[in-house]
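Working through the structure, step by step
Okay, here's what each chain looks like letter by letter:
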Amino acid sequence: MKGQWIFLLAMAVLLAACGSSSPPSELQDPELVALFQAINDLREKGGTCPSGKMTPVPKLKLSGPVIVAAQHHADDLNRAGVLSHETPPGSQYYPPSANPLDRIVREHCTCRRVAENIAQSPSWELTLEAWLQSPLGHCEALFDRDPKTGKRLGLTVAGLGHSGHFWVLDMVKLR
């Protein structure tokens, strides 16, 4: 009898796992694919930020949980009509005022550091241009640099989200 219960419990766990949707491992939105490719091309070549020349760094890799966090944040920003690194009130996904690290950890990604670039723009090209011209550290984050010290941050994994005119790029250093 005990063996049957263990078997039934194991089957229930397996069925629950099969029924749950796993996070995407790739970007679904063609505009996000183009933006991600452009970011990785820049990282590979190096570039110039308002603070100076940026040397090449390794390409980012996509992470399902980080994609989910970025997309949910983009959806929340679009719904609320505000541009903020904090989760706006009325979020479907996260507590109000949650920061990028809170959102990513909530999606079961263990990371040590997070950098988030956000924008409100009609196109991915204008979004990337705004980040590259930003004097607030957004450009440096694209090139894995601390805007104050110039040291590498170790940002190797990313996720992007897009909803309406809102764009979110989350980059993380894994534990």
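Residues numbered from 1 in each chain as written. Predicted model: local features only at pLDDT ≥ 70, side-chain atom pairs only at ≥ 80, totals over all residues. Heavy atoms only, no water.

This part covers the state of the cysteines. Applying the stated rule across the entire model yields one disulfide. Across the disulfide from Cys49 sits Cys139; the S-S distance is 2.0 Å. Taking the torsion about the sulfur-sulfur bond, which here is approximately -80°, the covalent link between Cys49 and Cys139 counts as left-handed. Linking Cys49 in strand E1 (residues 47–49) with Cys139 in helix H6 (residues 138–142), this pair joins segments that are 90 residues apart in sequence. A relative accessible area of 5% places Cys49 in the buried class. Given the relative accessible area of 0%, Cys139 is considered buried. Left without a disulfide partner, Cys111 is nearest to the cysteine sulfur of Cys109, which lies 4.8 Å away. (Disulfide = S-S within 2.5 Å. Helix = DSSP H or I, 4+ residues; strand = E, 2+ residues; numbered from the N terminus. Buried < 20%, exposed > 50% of the residue type's maximum accessible area, 1.4 Å probe, protein only.)

Where helix H2 (residues 30–45) meets helix H5 (residues 124–133), the closest approach of the two axes is 9 Å, and the angle between their N-to-C directions is 35°. Taken as a pair, H2 and H5 cross one another with a handedness that is right-handed. In this structure, H2 contributes Glu31, Ala34, Leu35, Ala38, Ile39 and Leu42 to the contact, and H5 contributes Trp124, Leu128, Trp131 and Leu132. Classifying every residue of the contact of H2 with H5 by side-chain character gives nine nonpolar, no polar and one charged. (Axes fitted to C-alpha atoms, helices over the stretch in contact; angles between N-to-C directions. Left-handed = near helix turned anticlockwise from the far one by under 90°. Contact = heavy atoms within 4.5 Å. Nonpolar A, V, L, I, M, F, W, Y, C, P; charged D, E, K, R; others polar.)

Examined against the element boundaries, Val82 turns out to sit in the loop between helix H3 (64–80) and helix H4 (100–106). The partly exposed category is assigned to Val82, whose relative accessible area is 36%. Taking the C-alpha atoms as reference points, Val82 and Phe166, 84 residues apart in sequence, are found 8.9 Å from one another. Among residues more than four places away in sequence, those in contact with Val82 are Leu77, Pro88 and Phe166.

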